[in-house]
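Commentary on secondary and tertiary structure
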Amino acid sequence: MSAPVQTLGILGGGQLGRMLAMAAARLGIKAHIYAPESNSPAAHVAAGFTCAAYNDLAALKAFAQSVDVVTTEFENVPAGTCDILANHIPVRPHARALEIAQDRVAEKSFLNERGIATAPWRAVATAPELDAALKALGTPSILKTRRLGYDGKGQVRITAAKDAAGALAAIKAAPAVLEGFVDFEREISVIVARGTDGAIACYDPGENDHEDGILRRTTVPAAISEATRKSALEIARKIVRTLDYVGVMGVEMFVASDGKLLVNEIAPRVHNTGHWTLEGCAISQFEQHVRAVCGWPLGSTARHADAVMTNLLGSEADDWQALAAKDQAVHLYGKGEARPGRKMGHVTVLSAKA
Ligand code: AMP
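For clarity, every value in this text was computed on a predicted model and none was experimentally measured. (Residues numbered from 1 in each chain as written. Predicted model: local features only at pLDDT ≥ 70, side-chain atom pairs only at ≥ 80, totals over all residues. Heavy atoms only, no water.)

Details of the layout of surface pockets
Worth spelling out the cut-off: Grid spacing is 1 Å over the protein atoms alone, the probe is 1.4 Å, and a cavity is where that probe fits but cannot get out, while a pocket is an open set with protein on both sides within 12 Å along at least five of seven lines and lining residues have an atom within 4 Å of a point. Grid points are joined across faces, edges and corners, and a volume is the space filled by probe spheres set on the points. Only DSSP runs of H or I with at least four residues qualify as helices, and only runs of E with at least two residues qualify as strands; both kinds are numbered from the N terminus onward. Note that the domain bounds reflect an automated or database-derived domain assignment.
Taken as a whole, the second largest pocket holds about 170 Å³ of empty space. Among the elements of the structure, α1 (15-26) and α9 (277-280) are those that each provide at least two residues to the lining of the second largest pocket. Broken down by element, the residue count for the lining of the second largest pocket peaks at 4 residues, all from α1. Inspection of the lining of the second largest pocket shows a minimum of three residues originating in each of domain 1 (7-91) and domain 3 (184-351).

Here you go:
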(Lines give C-alpha, C1' and ligand atoms only; values in the text may rest on other atoms or scores of the structure.)
Protein backbone atom coordinates (compact mmCIF):
# COMPACT_ATOMS: atom_id res chain seq x y z
CA MET A 1 0.00 0.00 0.00
CA SER A 2 1.55 3.33 -0.96
CA ALA A 3 1.53 6.23 1.48
CA PRO A 4 -1.12 8.92 0.82
CA VAL A 5 1.49 11.62 0.34
CA GLN A 6 4.67 11.11 -1.64
CA THR A 7 5.69 14.73 -2.05
CA LEU A 8 5.08 17.43 0.55
CA GLY A 9 5.09 21.02 -0.67
CA ILE A 10 6.44 23.54 1.84
CA LEU A 11 5.88 27.28 1.46
CA GLY A 12 8.87 29.08 2.92
CA GLY A 13 12.55 28.23 2.80
CA GLY A 14 13.97 28.91 6.27
CA GLN A 15 15.32 26.64 8.99
CA LEU A 16 11.87 25.39 9.95
CA GLY A 17 11.31 24.18 6.39
CA ARG A 18 14.76 22.63 6.44
CA MET A 19 14.00 20.60 9.58
CA LEU A 20 10.56 19.65 8.19
CA ALA A 21 12.15 18.44 4.95
CA MET A 22 14.62 16.30 6.89
CA ALA A 23 11.81 14.79 8.99
CA ALA A 24 9.79 14.10 5.82
CA ALA A 25 12.77 12.38 4.22
CA ARG A 26 13.01 10.02 7.17
CA LEU A 27 9.40 9.00 6.52
CA GLY A 28 10.11 8.39 2.84
CA ILE A 29 8.34 11.60 1.80
CA LYS A 30 10.02 14.03 -0.60
CA ALA A 31 9.90 17.74 0.19
CA HIS A 32 9.47 20.44 -2.46
CA ILE A 33 10.26 23.94 -1.19
CA TYR A 34 8.60 27.06 -2.61
CA ALA A 35 10.28 30.30 -1.56
CA PRO A 36 11.20 33.65 -3.11
CA GLU A 37 14.78 33.66 -1.75
CA SER A 38 17.31 31.87 -3.95
CA ASN A 39 19.57 30.89 -1.05
CA SER A 40 16.98 29.06 1.07
CA PRO A 41 18.32 26.76 3.85
CA ALA A 42 15.37 24.40 3.32
CA ALA A 43 16.16 23.96 -0.37
CA HIS A 44 19.62 22.58 0.49
CA VAL A 45 18.02 19.43 1.90
CA ALA A 46 14.91 19.09 -0.31
CA ALA A 47 14.17 17.02 -3.40
CA GLY A 48 12.60 19.97 -5.23
CA PHE A 49 12.83 23.76 -5.11
CA THR A 50 10.77 26.43 -6.81
CA CYS A 51 12.25 29.87 -6.39
CA ALA A 52 9.39 32.24 -7.19
CA ALA A 53 7.26 35.02 -5.72
CA TYR A 54 4.21 34.10 -3.64
CA ASN A 55 1.96 35.76 -6.22
CA ASP A 56 3.46 34.06 -9.30
CA LEU A 57 0.36 32.27 -10.58
CA ALA A 58 2.12 30.09 -13.16
CA ALA A 59 4.74 28.95 -10.63
CA LEU A 60 2.07 28.24 -8.01
CA LYS A 61 0.07 26.13 -10.47
CA ALA A 62 3.13 24.09 -11.47
CA PHE A 63 4.01 23.67 -7.78
CA ALA A 64 0.48 22.43 -7.01
CA GLN A 65 0.81 19.85 -9.78
CA SER A 66 4.11 18.53 -8.47
CA VAL A 67 3.13 17.92 -4.82
CA ASP A 68 0.35 16.03 -2.99
CA VAL A 69 -0.26 18.41 -0.08
CA VAL A 70 1.03 21.84 0.87
CA THR A 71 2.06 23.22 4.23
CA THR A 72 3.75 26.40 5.45
CA GLU A 73 6.86 27.00 7.49
CA PHE A 74 6.22 30.65 8.20
CA GLU A 75 2.96 32.42 8.87
CA ASN A 76 3.41 35.45 6.66
CA VAL A 77 2.84 33.63 3.41
CA PRO A 78 0.01 35.67 1.84
CA ALA A 79 -3.30 33.95 2.64
CA GLY A 80 -4.23 34.49 -1.04
CA THR A 81 -1.37 32.18 -2.04
CA CYS A 82 -2.88 29.39 0.07
CA ASP A 83 -6.33 30.07 -1.38
CA ILE A 84 -4.97 29.66 -4.93
CA LEU A 85 -3.22 26.41 -4.01
CA ALA A 86 -6.27 25.13 -2.13
CA ASN A 87 -8.20 25.13 -5.43
CA HIS A 88 -5.89 22.34 -6.57
CA ILE A 89 -4.69 20.38 -3.53
CA PRO A 90 -5.10 20.22 0.26
CA VAL A 91 -3.37 23.06 2.14
CA ARG A 92 -2.75 22.29 5.82
CA PRO A 93 -3.10 24.22 8.02
CA HIS A 94 -5.83 26.14 6.18
CA ALA A 95 -5.49 29.77 5.05
CA ARG A 96 -7.82 31.03 7.80
CA ALA A 97 -5.34 29.91 10.47
CA LEU A 98 -2.62 31.93 8.75
CA GLU A 99 -4.90 34.95 8.45
CA ILE A 100 -5.63 34.90 12.17
CA ALA A 101 -1.97 34.57 13.13
CA GLN A 102 -0.90 37.29 10.69
CA ASP A 103 -2.94 40.00 12.35
CA ARG A 104 -2.68 40.66 16.09
CA VAL A 105 -6.22 42.07 16.20
CA ALA A 106 -7.70 38.99 14.50
CA GLU A 107 -5.59 36.75 16.75
CA LYS A 108 -6.57 38.38 20.03
CA SER A 109 -10.23 38.66 18.99
CA PHE A 110 -10.27 34.98 18.05
CA LEU A 111 -8.80 34.02 21.43
CA ASN A 112 -10.96 36.33 23.56
CA GLU A 113 -14.15 35.23 21.75
CA ARG A 114 -13.33 31.69 22.86
CA GLY A 115 -12.85 32.74 26.46
CA ILE A 116 -9.05 32.55 26.27
CA ALA A 117 -7.32 35.36 28.14
CA THR A 118 -4.69 37.63 26.58
CA ALA A 119 -2.96 40.79 27.82
CA PRO A 120 -5.47 43.66 27.81
CA TRP A 121 -5.30 45.32 24.38
CA ARG A 122 -6.76 47.97 22.08
CA ALA A 123 -6.52 48.34 18.30
CA VAL A 124 -4.74 51.59 17.45
CA ALA A 125 -4.39 53.29 14.07
CA THR A 126 -4.08 57.01 14.90
CA ALA A 127 -2.53 59.29 17.52
CA PRO A 128 -5.91 60.03 19.24
CA GLU A 129 -6.65 56.28 19.35
CA LEU A 130 -3.26 55.66 20.94
CA ASP A 131 -3.92 58.38 23.53
CA ALA A 132 -7.28 56.82 24.38
CA ALA A 133 -5.74 53.34 24.57
CA LEU A 134 -2.99 54.61 26.88
CA LYS A 135 -5.64 56.12 29.15
CA ALA A 136 -7.48 52.80 29.24
CA LEU A 137 -4.48 50.50 29.71
CA GLY A 138 -1.98 52.76 31.45
CA THR A 139 1.80 52.45 31.33
CA PRO A 140 4.04 50.64 30.92
CA SER A 141 2.52 49.18 27.78
CA ILE A 142 3.74 47.86 24.45
CA LEU A 143 2.83 49.14 21.01
CA LYS A 144 3.04 46.35 18.41
CA THR A 145 2.38 46.50 14.69
CA ARG A 146 -0.68 44.44 13.75
CA ARG A 147 1.25 42.63 11.03
CA LEU A 148 4.73 41.34 10.21
CA GLY A 149 6.24 41.54 13.67
CA TYR A 150 8.71 38.84 14.65
CA ASP A 151 11.52 38.37 17.16
CA GLY A 152 10.53 41.58 18.94
CA LYS A 153 10.60 43.64 15.71
CA GLY A 154 7.83 46.19 15.17
CA GLN A 155 7.42 46.72 18.94
CA VAL A 156 7.98 49.70 21.20
CA ARG A 157 7.64 49.86 24.94
CA ILE A 158 5.87 52.96 26.21
CA THR A 159 6.77 53.92 29.75
CA ALA A 160 4.99 57.30 29.94
CA ALA A 161 2.05 58.81 28.02
CA LYS A 162 4.33 61.57 26.71
CA ASP A 163 6.26 58.95 24.69
CA ALA A 164 3.19 58.14 22.58
CA ALA A 165 4.07 60.24 19.51
CA GLY A 166 7.63 58.88 19.42
CA ALA A 167 6.37 55.29 19.71
CA LEU A 168 3.94 55.76 16.83
CA ALA A 169 6.73 57.27 14.72
CA ALA A 170 9.03 54.34 15.61
CA ILE A 171 6.56 51.89 14.04
CA LYS A 172 6.04 54.30 11.10
CA ALA A 173 2.41 54.86 12.17
CA ALA A 174 1.51 51.35 10.99
CA PRO A 175 -1.82 49.92 12.21
CA ALA A 176 -1.04 48.51 15.65
CA VAL A 177 -2.29 47.18 18.95
CA LEU A 178 -1.46 48.61 22.33
CA GLU A 179 -0.98 45.89 24.94
CA GLY A 180 -0.93 46.34 28.67
CA PHE A 181 2.42 45.22 30.09
CA VAL A 182 2.15 41.81 31.73
CA ASP A 183 4.20 41.42 34.87
CA PHE A 184 4.80 37.77 34.13
CA GLU A 185 6.52 35.21 36.29
CA ARG A 186 7.67 33.22 33.29
CA GLU A 187 6.93 32.60 29.63
CA ILE A 188 5.97 29.13 28.47
CA SER A 189 4.83 27.57 25.24
CA VAL A 190 2.86 24.52 24.28
CA ILE A 191 3.61 22.71 21.05
CA VAL A 192 0.31 21.12 20.07
CA ALA A 193 -0.60 18.99 17.06
CA ARG A 194 -3.92 18.03 15.51
CA GLY A 195 -4.34 15.33 12.88
CA THR A 196 -6.78 15.04 9.98
CA ASP A 197 -8.79 12.63 12.17
CA GLY A 198 -9.19 15.28 14.90
CA ALA A 199 -6.75 13.62 17.30
CA ILE A 200 -4.79 16.11 19.42
CA ALA A 201 -1.39 15.66 21.09
CA CYS A 202 0.63 18.15 23.15
CA TYR A 203 4.30 18.14 24.13
CA ASP A 204 5.26 19.12 27.66
CA PRO A 205 5.33 22.93 28.03
CA GLY A 206 8.77 24.53 27.72
CA GLU A 207 9.91 27.62 29.57
CA ASN A 208 11.27 30.38 27.36
CA ASP A 209 13.83 33.11 27.97
CA HIS A 210 14.00 36.02 25.57
CA GLU A 211 16.75 38.58 25.11
CA ASP A 212 15.92 41.76 23.20
CA GLY A 213 12.65 40.15 22.09
CA ILE A 214 14.46 37.15 20.55
CA LEU A 215 14.17 33.63 21.96
CA ARG A 216 17.44 32.70 23.64
CA ARG A 217 16.61 29.47 25.48
CA THR A 218 13.86 26.91 26.04
CA THR A 219 14.03 24.71 29.13
CA VAL A 220 11.92 21.60 29.54
CA PRO A 221 10.10 20.96 31.75
CA ALA A 222 8.86 24.45 32.65
CA ALA A 223 8.89 25.18 36.37
CA ILE A 224 5.11 25.31 36.71
CA SER A 225 2.58 23.56 38.90
CA GLU A 226 0.65 20.56 37.65
CA ALA A 227 -2.53 22.66 37.63
CA THR A 228 -0.88 25.33 35.43
CA ARG A 229 0.50 22.64 33.13
CA LYS A 230 -2.95 21.13 32.70
CA SER A 231 -4.55 24.53 32.01
CA ALA A 232 -1.85 25.37 29.45
CA LEU A 233 -2.47 22.11 27.58
CA GLU A 234 -6.25 22.63 27.74
CA ILE A 235 -5.91 26.12 26.21
CA ALA A 236 -3.72 24.77 23.38
CA ARG A 237 -6.17 21.95 22.71
CA LYS A 238 -9.10 24.35 22.61
CA ILE A 239 -7.36 26.58 20.07
CA VAL A 240 -6.62 23.81 17.56
CA ARG A 241 -9.99 22.15 18.07
CA THR A 242 -12.07 25.29 17.56
CA LEU A 243 -9.97 26.31 14.54
CA ASP A 244 -10.42 22.87 12.95
CA TYR A 245 -6.66 23.05 12.58
CA VAL A 246 -4.39 20.40 11.07
CA GLY A 247 -0.66 20.43 11.82
CA VAL A 248 1.62 21.60 14.62
CA MET A 249 1.06 24.94 16.31
CA GLY A 250 3.14 26.84 18.87
CA VAL A 251 1.11 28.60 21.55
CA GLU A 252 3.09 31.16 23.57
CA MET A 253 1.77 32.07 27.00
CA PHE A 254 2.63 34.29 29.92
CA VAL A 255 2.29 32.85 33.41
CA ALA A 256 1.21 35.92 35.37
CA SER A 257 2.36 36.42 38.96
CA ASP A 258 -1.09 35.27 40.16
CA GLY A 259 -0.66 32.02 38.19
CA LYS A 260 -3.15 33.05 35.47
CA LEU A 261 -2.30 32.09 31.89
CA LEU A 262 -2.46 34.70 29.14
CA VAL A 263 -1.86 33.72 25.51
CA ASN A 264 0.68 36.02 23.85
CA GLU A 265 0.84 34.57 20.35
CA ILE A 266 -0.12 31.58 18.26
CA ALA A 267 2.22 30.37 15.51
CA PRO A 268 0.50 28.13 12.93
CA ARG A 269 3.62 26.09 12.26
CA VAL A 270 6.45 24.26 13.94
CA HIS A 271 8.03 26.55 16.50
CA ASN A 272 11.49 27.52 17.75
CA THR A 273 10.46 26.59 21.31
CA GLY A 274 9.80 23.03 20.11
CA HIS A 275 13.27 22.31 18.71
CA TRP A 276 14.17 20.38 21.87
CA THR A 277 11.78 17.62 20.71
CA LEU A 278 14.34 16.59 18.06
CA GLU A 279 16.44 14.98 20.78
CA GLY A 280 14.04 14.93 23.73
CA CYS A 281 11.29 12.80 22.16
CA ALA A 282 11.10 9.80 19.86
CA ILE A 283 8.85 11.82 17.54
CA SER A 284 9.86 15.44 17.10
CA GLN A 285 7.56 18.36 16.36
CA PHE A 286 8.82 18.21 12.77
CA GLU A 287 7.89 14.57 12.25
CA GLN A 288 4.61 15.26 14.06
CA HIS A 289 3.78 18.09 11.66
CA VAL A 290 4.64 15.98 8.62
CA ARG A 291 2.49 13.15 10.01
CA ALA A 292 -0.43 15.52 10.64
CA VAL A 293 -0.47 17.32 7.30
CA CYS A 294 0.17 14.11 5.34
CA GLY A 295 -2.78 12.36 6.97
CA TRP A 296 -0.77 9.94 9.08
CA PRO A 297 -1.78 9.16 12.66
CA LEU A 298 -0.09 11.44 15.20
CA GLY A 299 2.84 9.99 17.12
CA SER A 300 3.67 9.91 20.81
CA THR A 301 4.71 13.20 22.41
CA ALA A 302 6.32 11.42 25.39
CA ARG A 303 9.53 13.04 26.58
CA HIS A 304 12.42 10.80 27.62
CA ALA A 305 14.75 13.50 28.98
CA ASP A 306 14.93 17.01 30.38
CA ALA A 307 16.27 19.42 27.78
CA VAL A 308 17.73 22.87 27.32
CA MET A 309 17.72 24.30 23.80
CA THR A 310 19.81 27.43 23.16
CA ASN A 311 19.64 29.47 19.97
CA LEU A 312 22.87 30.45 18.22
CA LEU A 313 22.44 34.05 17.10
CA GLY A 314 24.61 35.87 14.58
CA SER A 315 28.31 35.06 14.88
CA GLU A 316 27.74 32.64 17.81
CA ALA A 317 27.40 29.87 15.24
CA ASP A 318 30.85 30.54 13.75
CA ASP A 319 32.88 28.67 16.35
CA TRP A 320 31.65 25.25 15.32
CA GLN A 321 34.71 23.50 16.74
CA ALA A 322 33.89 24.72 20.24
CA LEU A 323 30.22 23.84 19.73
CA ALA A 324 31.00 20.34 18.51
CA ALA A 325 33.43 19.63 21.34
CA LYS A 326 30.73 19.92 23.98
CA ASP A 327 28.20 17.34 25.03
CA GLN A 328 25.43 18.90 23.01
CA ALA A 329 23.53 18.26 19.82
CA VAL A 330 24.48 20.91 17.25
CA HIS A 331 22.18 22.19 14.52
CA LEU A 332 23.50 24.68 11.98
CA TYR A 333 21.04 26.01 9.43
CA GLY A 334 23.42 26.67 6.54
CA LYS A 335 22.35 30.32 6.26
CA GLY A 336 24.48 32.86 4.45
CA GLU A 337 25.16 36.08 6.28
CA ALA A 338 25.40 35.93 10.11
CA ARG A 339 23.67 39.24 10.83
CA PRO A 340 23.47 40.20 14.55
CA GLY A 341 20.45 38.52 16.13
CA ARG A 342 19.82 36.24 13.13
CA LYS A 343 18.99 32.64 14.09
CA MET A 344 21.91 30.66 12.61
CA GLY A 345 21.54 27.40 14.53
CA HIS A 346 20.77 25.92 17.93
CA VAL A 347 22.20 23.45 20.42
CA THR A 348 20.36 21.07 22.72
CA VAL A 349 21.65 19.52 25.93
CA LEU A 350 19.78 16.59 27.48
CA SER A 351 19.83 15.42 31.07
CA ALA A 352 18.10 12.63 32.95
CA LYS A 353 14.44 13.36 33.69
CA ALA A 354 14.25 14.91 37.16
P1 AMP B 1 5.99 38.98 20.73
O2 AMP B 1 6.67 39.41 19.47
O3 AMP B 1 4.62 39.51 20.88
O4 AMP B 1 6.06 37.49 20.93
O5 AMP B 1 6.85 39.58 21.94
C6 AMP B 1 8.22 39.26 22.13
C7 AMP B 1 8.56 39.25 23.61
O8 AMP B 1 8.33 40.52 24.21
C9 AMP B 1 7.68 38.29 24.43
O10 AMP B 1 8.12 36.97 24.35
C11 AMP B 1 7.81 38.90 25.82
O12 AMP B 1 9.07 38.56 26.39
C13 AMP B 1 7.80 40.38 25.54
N14 AMP B 1 6.40 40.88 25.58
C15 AMP B 1 5.55 40.91 24.52
N16 AMP B 1 4.33 41.39 24.89
C17 AMP B 1 4.40 41.64 26.21
C18 AMP B 1 3.46 42.15 27.19
N19 AMP B 1 2.22 42.51 26.86
N20 AMP B 1 3.90 42.28 28.47
C21 AMP B 1 5.17 41.94 28.81
N22 AMP B 1 6.10 41.47 27.95
C23 AMP B 1 5.73 41.32 26.66
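A word on the side chain of H331
Put simply, the rule reads: Polar contacts, as counted here, are pairs of nitrogen or oxygen atoms within 3.5 Å of one another; within protein the pair requires one atom able to donate a hydrogen and one able to accept it, and residues that are adjacent in sequence qualify only if both atoms are side-chain atoms.
Here H331 lies in strand β16 (residues 329-332). Polar side-chain contacts of H331 include one of 2.7 Å to the side chain of E279.

Observations regarding the packing of aromatic side chains
Stated formally: Stacked, tilted and edge-to-face are the three classes applied to pairs of Phe, Tyr and Trp rings, where Trp contributes its six-membered ring and a pair requires centres within 6.5 Å; stacked means planes under 30 degrees apart, edge-to-face means over 60, and tilted covers the rest. Accessible area is worked out with a 1.4 Å probe on protein chains only. A residue is then buried under 20% of its type maximum, exposed over 50%, and partly exposed in between.
Tallying each qualifying case throughout the model produces 5 aromatic pairs. Aromatic pair Y203 and W276: ring centres 6.2 Å apart, planes at 85°, arrangement edge-to-face. Here Y203, found in the loop between β10 (200-202) and β11 (206-211), pairs with W276, found in the loop between β14 (261-267) and α9; they are 73 residues apart in sequence, far enough to count as distant. Here Y203 and W276 have matching classes, each one buried. Members of the aromatic cluster, joined through ring pairs, are Y34, Y54, F63 and F74.

Describing unusual backbone geometry
Here the residue pair R92 and P93 is connected by a cis peptide bond, since its omega of -5° sits within 30 degrees of zero. With respect to the helices and strands, P93 occurs in the loop between α3 (79-86) and α4 (95-102). For the bond running from V220 to P221, omega is 5°, close enough to zero to count as cis. Secondary-structure assignment places P221 in the loop between β12 (214-220) and α8 (226-242). A positive phi angle, near 50°, is found at D244, a position not held by glycine. Its place among the elements puts D244 in the loop between α8 and β13 (247-256).

Structural notes on the nonpolar core
Just so we agree on the cut-off: Remark: nonpolar core denotes a set of buried residues (Ala, Val, Leu, Ile, Met, Phe, Trp, Tyr, Cys) joined through side-chain atoms within 4.5 Å. Contact criterion: two residues are considered in contact whenever any of their non-hydrogen atoms come within 4.5 Å of each other.
Ranked by internal contacts, the top residues of the largest apolar core, which has 55 residues, are L8, L11 and V290. Broken down by element, this core gets its largest block of residues, 6 residues, from α1. Setting aside residues up to four positions removed in sequence, V290 forms contacts with L8, L20, A23, A24, L27 and I29. The next biggest cluster of nonpolar side chains, apart from the first, holds 27 residues, and it includes I100, V192, I235 and V251.

Things to note about the sheet that holds strand β7 (residues 155-158)
Put simply, the rule reads: One bridge is not enough; two strands pair if DSSP finds at least two bridges between them. Axis definition: a line fitted to C-alpha atoms, limited for helices to the stretch in contact. Angles are taken between N-to-C directions and run from 0 to 180 degrees.
In spatial order, the strands read β5-β8-β6-β7; together these 4 strands make up an open sheet with antiparallel pairing. Only two strands of the sheet have a single partner each, and these edge strands are β5 (121-124) and β7. Strand-to-strand twist of the sheet, defined as the mean angle between neighbouring strand axes without regard to direction, takes the value 20°. For strand β6 (residues 141-145) and β7, the ladder comprises 4 bridges, and the chain directions are antiparallel. Bridge pairing links K144 to Q155 in β7. Contacting β5, β6, β7 and β8 (176-180), helix α5 (residues 104-113) runs over the sheet at an angle of about 145° to β5.

Some points on the sheet that holds strand β3 (residues 48-51)
Across the sheet, which stays open at both edges, the 4 strands sit in the order β3-β2-β1-β4 with parallel pairing between neighbours. Looking at strand neighbours, the two that pair on one side only are β3 and β4 (69-72), the edges of this open sheet. In this sheet, adjacent strand axes meet at a mean angle of 20° when their direction is disregarded. Sheet topology places strand β2 (residues 30-35) next to β3; 4 bridges connect them, and they run parallel. In the sheet register, A35 faces β3, and the bridge partner there is C51. Strands in contact with helix α2 (residues 57-66) are β1 (7-11), β2, β3 and β4; relative to β2, the strand with the most contacts, it is inclined by about 170°. In this fold helix α10 (residues 285-293) packs onto β1 and β4, with an angle of close to 140° to the strand it touches most, β4.

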